[in-house]
Amino acid sequence: MLKESKESKARLGRLETKHGLVETPPVFMPVGTQATVKTMSPPNELEELGVEIILSNTYHLYLRPGPDIVQEAGGAFILLWVGGAGPF
């Protein structure tokens, strides 16, 4: 955490992943339900909006498409961030 507001409890921080740094907040963080961001198409639209991170429910990925398919795809990062570059 880099800063914390004494008035509103808002916080400014940095999330470090093996794919890069994500600045928080403010950040547009779409949710990838069952490995897709349903309202965004094509994938480069996410990049154009400046998306640096996608939330995913790993339990949903476990149920469908299943751990074998997620592993074959190279993991949730690859499955969700098709063609994307940068942090996740």
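Cut-offs applied
Residues numbered from 1 in each chain as written. Predicted model: local features only at pLDDT ≥ 70, side-chain atom pairs only at ≥ 80, totals over all residues. Heavy atoms only, no water. Helix = DSSP H or I, 4+ residues; strand = E, 2+ residues; numbered from the N terminus. Buried < 20%, exposed > 50% of the residue type's maximum accessible area, 1.4 Å probe, protein only. Contact = heavy atoms within 4.5 Å. Areas by Shrake-Rupley, 256 points an atom, 1.4 Å probe, with all protein chains shown as cover. Salt bridge = Lys/Arg side-chain N within 4 Å of Asp/Glu carboxyl O. Pairing = 2+ DSSP bridges.

Caption draft 1: Fine view of the overall build of the protein chain. When helices and strands are tallied, the protein chain shows four helices and five strands. Counting over 88 residues, the protein chain shows a buried share of 23%. Considering only intrachain contacts with a sequence separation of at least 6, the fraction spanning at least 24 residues in the protein chain is 45%. Total accessible area on the protein chain is roughly 6,400 Å²; 56% of this is exposed by carbon and sulfur atoms.

Caption draft 2: A look at the pattern of salt bridges. Applying the stated criterion to the full structure yields one salt bridge. In this structure, Glu-23 engages Arg-14 in a salt bridge whose closest nitrogen and oxygen atoms are separated by 3.0 Å. The exposure class of Glu-23 is partly exposed, given its relative accessible area of 36%.

Caption draft 3: Summary view of the environment of Thr-33. Mapping Thr-33 onto the fold places it in the loop between β4 (31–32) and α1 (44–48). You can call Thr-33 partly exposed: its relative accessible area is 34%. In this structure the C-alpha to C-alpha distance between Thr-33 and Thr-58, which are 25 residues apart in sequence, comes to 9.5 Å.

Caption draft 4: Summary view of the sheet that holds strand β3 (residues 20–24). With respect to topology, three strands assemble into an open sheet ordered β1-β2-β3, the strand pairing being antiparallel. Both outer strands of the open sheet, β1 (3–4) and β3, are each paired with one neighbouring strand and no more. Direction of pairing for β1 relative to strand β2 (residues 11–17): antiparallel, over a ladder of two bridges. Bridge pairing in β2 places Glu-4 opposite Arg-11.

Caption draft 5: View of the pairing of β2. Counted between consecutive antiparallel strands, the loop separating β1 from β2 contains six residues, among which Lys-9 sits at a positive phi close to 70°. Relative to β3, β2 runs antiparallel, the two sharing five bridges. In the strand pairing of β3, Leu-15 is matched with Val-22. Hairpin connection of β2 to β3: two residues between the antiparallel strands.

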